[in-house]
Amino acid sequence: MRKLSSLASKAATEIERNSGVVQNTKRPKFSRLLKANSIEKLPQSRVGASIGKLGHKDSNFGSISTRKSGFSVPQQKLVSKTIDHQCISEILSKKYWHLLLNHEFKSSIHSLSAQVVISILQKQESALALLRFYVWLNNVSESFCMDQSIRRVFSDALVRKGPVLLSGDLVRDIKHSGYILNEDLLCILIGSWGRLGLAKYCSQVFDQISYLGILPSTRLYNAVIDALIKSNSLDLAYLKFQQMEVDNCARDRFTYNILIHGVFKANVLDEAPRLVKQMEGMGYFPNVFTYTIMIDGYCRAKRVDEAFRILETMKARNVRPNDATYRSLVNGVFHSLPSSEAFESLFGWVNKEQNLPKVVYDSIIYSLCSNSLSDHLIKFLRAAFNVRYIPDSSLSNMVITSLLKRSNLEESCELFEYFISHGANVDFSTRLALIEKLYRERREEKGNLYLSWVIKEGLIASVFSYNMLIDCFRKAKLMNRAMKALEMMSGSHFSPNLVTFNTLISGYGKCRDATKAREMLLMLLEHGCKPDVFTFSSIIDVLSQVNQIADAFDCFEEMVSWEVSPNAVIYNTLIRALCISGKVAKAVKLFRKMQVDGLMPDVFTFNALIQMYCKFHRISEAQRLLRYMIIMGICPDKFTYIAFINAFCESGKLAEAKQLLCSMEANGCKPDVRTCHAVIDAFIKAERIQEAKDIWFEYKARGTELHPMLLPFGAVK
């Protein structure tokens, strides 16, 4: 083979004989395909723009392009615009930033939306620019600063870009702009300092707020106490808590909730009930947030019984738990107890309670899936179905996926049918995973039934969905079904793309069918697709598997003409093929070429060469390669050790083999049964019976499932 087209053409006769699969009357010439290196660009939509420097010019038309927004106000149509973030950043870096902002947004301040404001905040690289824009926004349109999404984005950005410290120059800059640093902005700044761990600075600034013309208030105290607790400074938080009385600031429910959260965070659990009593004495009864904080805190401290007691207290006081309360309890119990014990605790509680909300069942099922407790999951679901519980789409998919991973095929089918019959939505990808598993287990009748449901519901209605179906058949090694899916795809007027053919080529590669892989390659070219690295990788792999190494190298060399760079996988495939066929010099030459091309060899590359050297008893060269491998920072794996151990055993170097076997676990590679027996058998052949026994008993004690050791005078079990 000297060209990729010639490789594909070997299958042309067979394709023409079986041309009923895919018809293509216009067969492109290969020379034309080789010249087709670009794809015609689609015309880009022009986003509307307006107003000064913030407008975005359309280079094709040389003017400001505009479009009408999707909303309007009485007697006025607002103009949507593309924001020039670089221009705004430059404005915010200037001395007279406030005047420039006023000029820039003079006629468009009322057309600003929360989305635009958030975009501007997120694009600022400087913490000072963030603060300046928010100060300006706070003074020209207070409604934006009351928007929680904008406040959250601003606060998060201050933490990422900050800290923003209240220096004298910064305070003077804000005053000279004619704006003010108000209580609301100060609370946000204090919150960012707390998240950054600046507890002492929070306290110092708060003690000097009178210089800013701001008086202490309950809200400011709450912000400071919260910041100090986030900074893990409970002592300072208590100091500010006591100081509130001096400044005539009344403690409210927020104050106590923040402090209760702090004592749980610091693991001072006995202080929480005292604060609750003090809170009640002030006339503030605990609310759902108070109790949720306490449940979460007790669970984190592994005091699950206390958490359940708090839930009973809520019921007695007619405080209705919210979703966060139930999630804190369920997640906390699984975090605090061993998984099986956590399930039994929650399962008993659910059985005793009446009319629990759906979030309880959702949370428990999520935790069971996350902890791979398939048997417990099935038991809980059956109990949940008795109270007419139906999970939502995401949880249904998670349940089936979790059970398939644990090979619970029968239960997966049972639950899938239950979900479908009760209106739950199971994703297309999850259905295909279940169908694939059925086909792999040779349960084609049920697989065909579920596939007919998929087709009947119209879920296969795009190139993407057909590709997923073909991939499902590929994984199940049902390539005849994959070809029928390709035929059905063409009959539905969907043109197969590169992914389609790559999937089919890969499938035939796994089946070691080079002829069919060539046929798919010809189809790929006839449909005008350009082969990519995955195409070449699959073709080279199947050719190497069937020992057509010359064709594999021709394909490798032709990658250059298609402007496709080979990756490490392709090099590893060819190196391994050369090693298996005993072509040592060519394998080493290709190994060097791989590095010249800028690709880093990995453990698979080295293993192929090391195994080849060990097979030919060239242990010194294998050891030299191993040293080079370690110098490059690549850790040997189990197969590296096995190659050396087998070589040492065959050459009679039993001490080295035993030493390597003992060092495997220290390097994170657990010896398998075959490796252990290779060493043990070598010692037995050398009539070193006692050492063989010692190795057998040692690894048997470590949990390795060894076979009985056969000795001339009997077996050791």
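**Brief notes about the overall build of the chain**
Line of reasoning, step 1. Across its full length, the chain holds 40 helices and 4 strands.
Line of reasoning, step 2. Of all 717 residues assigned to the chain, the portion counted as buried reaches 48%.
Line of reasoning, step 3. Of the contacts made within the chain by residues no fewer than 6 positions apart, 64% connect residues no fewer than 24 positions apart.
Line of reasoning, step 4. Surface exposure of the chain reaches about 37,700 Å², of which carbon and sulfur atoms provide 52%.

**Section: the environment of Ala-514**
Line of reasoning, step 1. With respect to the secondary-structure elements, Ala-514 resides in helix H30 (residues 514-526).
Line of reasoning, step 2. For the pair Ala-514 and Ile-540, spaced 26 residues apart in the sequence, the C-alpha separation amounts to 9.7 Å.
Line of reasoning, step 3. With residues near it in sequence (within four places) discarded, Ala-514 still touches Val-542, Leu-543, Val-546 and Gln-548.

**Side note on helix H31 (residues 533-545)**
Line of reasoning, step 1. Helix length check: H31 (13 residues) gives 18 Å between terminal C-alpha atoms against 18 Å at 1.5 Å per residue, within 8%.
Line of reasoning, step 2. Most of H31 sits inside the fold, with 10 of its 13 residues counted as buried.
Line of reasoning, step 3. Of all the residues in H31, the buried ones are Val-533, Thr-535, Phe-536, Ser-537, Ser-538, Ile-539, Ile-540, Val-542, Leu-543 and Ser-544.
Line of reasoning, step 4. Among the residues of H31, the N-terminal cap falls to Asp-532, whose side-chain oxygen and the backbone nitrogen of Phe-534 are separated by 3.2 Å.
Line of reasoning, step 5. Backbone geometry just after H31 places Asn-547 at a positive phi near 65°.

**Remarks on the side chain of Ser-336**
Line of reasoning, step 1. Mapping Ser-336 onto the fold places it in helix H19 (residues 323-336).
Line of reasoning, step 2. Setting aside chain neighbours within four positions, we find Ser-336 in contact with Cys-299, Arg-300, Lys-302 and Val-304.

**Describing the confidence of the model for the chain**
Line of reasoning, step 1. Counting all residues, the mean pLDDT for the chain is 83, and 87% of those residues have values of 70 or more.
Line of reasoning, step 2. The least confident element of the chain, judged by mean pLDDT, is helix H3 (residues 30-35) at 31; the most confident is helix H27 (residues 463-475) at 95.
Line of reasoning, step 3. Below pLDDT 50 for its whole length, residues 12-80 participates in 91 contacts with residues either more than four positions away or in separate chains.

**Points about the pattern of salt bridges**
Line of reasoning, step 1. For the coordinates displayed, the defined rule picks out 28 salt bridges.
Line of reasoning, step 2. Ionic pairing is found between Arg-195 and Asp-156, a salt bridge with its closest N-O pair at 3.0 Å. A residue pair is termed long-range when its members are at least 10 positions apart, and Arg-195 in helix H11 (residues 183-195) and Asp-156 in helix H9 (residues 148-161) qualify at 39 residues.
Line of reasoning, step 3. Taken together, the shared-partner salt bridges in this structure form one network comprising Arg-151, Glu-183, Asp-184 and Arg-219.

**A short note on the nonpolar core**
Line of reasoning, step 1. Core analysis: the biggest nonpolar cluster contains 229 residues, and Leu-166 and Trp-349 have the highest contact counts within it.
Line of reasoning, step 2. Of all the elements, helix H7 (residues 127-140) adds the most residues to this core, at 9 residues.
Line of reasoning, step 3. The residues contacting Leu-166, other than those within four sequence positions of it, are Val-171, Leu-181, Leu-186, Leu-189, Trp-193, Tyr-201, Val-205 and Leu-212.

**A short note on unusual backbone geometry**
Excluding glycine, a negative phi dihedral is what most residues carry, and trans is how most peptide bonds are arranged.
Line of reasoning, step 1. Note the cis peptide between Gly-162 and Pro-163, where omega equals 10°.
Line of reasoning, step 2. Within the secondary structure layout, Pro-163 lies in the loop between H9 and helix H10 (168-176).

**Focus on the packing of helix H17 (residues 288-300) against H19**
For any two helices packed against each other, one specifies the crossing angle of their axes together with the interaxial distance.
Line of reasoning, step 1. Relative to each other, H17 and H19 sit at 5°, their axes nearing to 8 Å. When the axes of H17 and H19 are compared, the pair comes out roughly parallel. On H19, the residues that touch Val-288, Thr-292, Ile-295, Asp-296, Cys-299 and Arg-300 of H17 are Ala-324, Thr-325, Ser-328, Leu-329, Gly-332, Val-333 and Ser-336.
Line of reasoning, step 2. Taken together, the residues of the contact of H17 with H19 sort by class into 6 nonpolar, 5 polar and 2 charged.

**Notes on the packing of aromatic side chains**
Line of reasoning, step 1. In total, this model carries 29 aromatic pairs according to the counting rule given.
Line of reasoning, step 2. With 3.9 Å between their ring centres and 25° between their planes, Phe-385 and Tyr-418 make a pair best called stacked. One end of the pair, Phe-385, is in helix H22 (residues 374-385); the other, Tyr-418, is in helix H24 (residues 409-421), with 33 residues separating them in the sequence. Like Tyr-418, Phe-385 is buried.
Line of reasoning, step 3. Put simply, the rings of Phe-343, Phe-347, Tyr-361, Phe-380 and Tyr-389 touch in pairs and so form one group of aromatic residues.
Line of reasoning, step 4. The side chain of Lys-638 reaches across the aromatic face of Phe-639, ending 5.4 Å from its centre.

**With respect to the environment of Ser-155**
Line of reasoning, step 1. You can see Ser-155 is positioned in helix H9.
Line of reasoning, step 2. Assessed through its relative accessible area of 16%, Ser-155 is described here as buried.
Line of reasoning, step 3. Counting along the chain gives 30 residues from Ser-155 to Leu-185, while the straight-line C-alpha distance between them is 10.0 Å.
Line of reasoning, step 4. Residues within four places of Ser-155 in sequence aside, it is in contact with Ile-188 and Arg-195.

Rules used in this analysis
- Residues numbered from 1 in each chain as written.
- Predicted model: local features only at pLDDT ≥ 70, side-chain atom pairs only at ≥ 80, totals over all residues.
- Heavy atoms only, no water.
- Helix = DSSP H or I, 4+ residues; strand = E, 2+ residues; numbered from the N terminus.
- Buried < 20%, exposed > 50% of the residue type's maximum accessible area, 1.4 Å probe, protein only.
- Contact = heavy atoms within 4.5 Å.
- Areas by Shrake-Rupley, 256 points an atom, 1.4 Å probe, with all protein chains shown as cover.
- Expected span 1.5 Å × (residues − 1).
- Polar contact = N/O pair within 3.5 Å; in protein donor to acceptor, adjacent residues only side chain to side chain.
- pLDDT = per-residue confidence, 0-100.
- Salt bridge = Lys/Arg side-chain N within 4 Å of Asp/Glu carboxyl O.
- Core = buried A, V, L, I, M, F, W, Y, C linked by side-chain atoms within 4.5 Å.
- Axes fitted to C-alpha atoms, helices over the stretch in contact; angles between N-to-C directions.
- Parallel < 35°, antiparallel > 145°, perpendicular 65-115°, else oblique.
- Nonpolar A, V, L, I, M, F, W, Y, C, P; charged D, E, K, R; others polar.
- Phe/Tyr/Trp six-rings, centres within 6.5 Å; stacked < 30°, edge-to-face > 60°.
- Lys NZ or Arg CZ within 6 Å of the ring centre and 35° of its normal.

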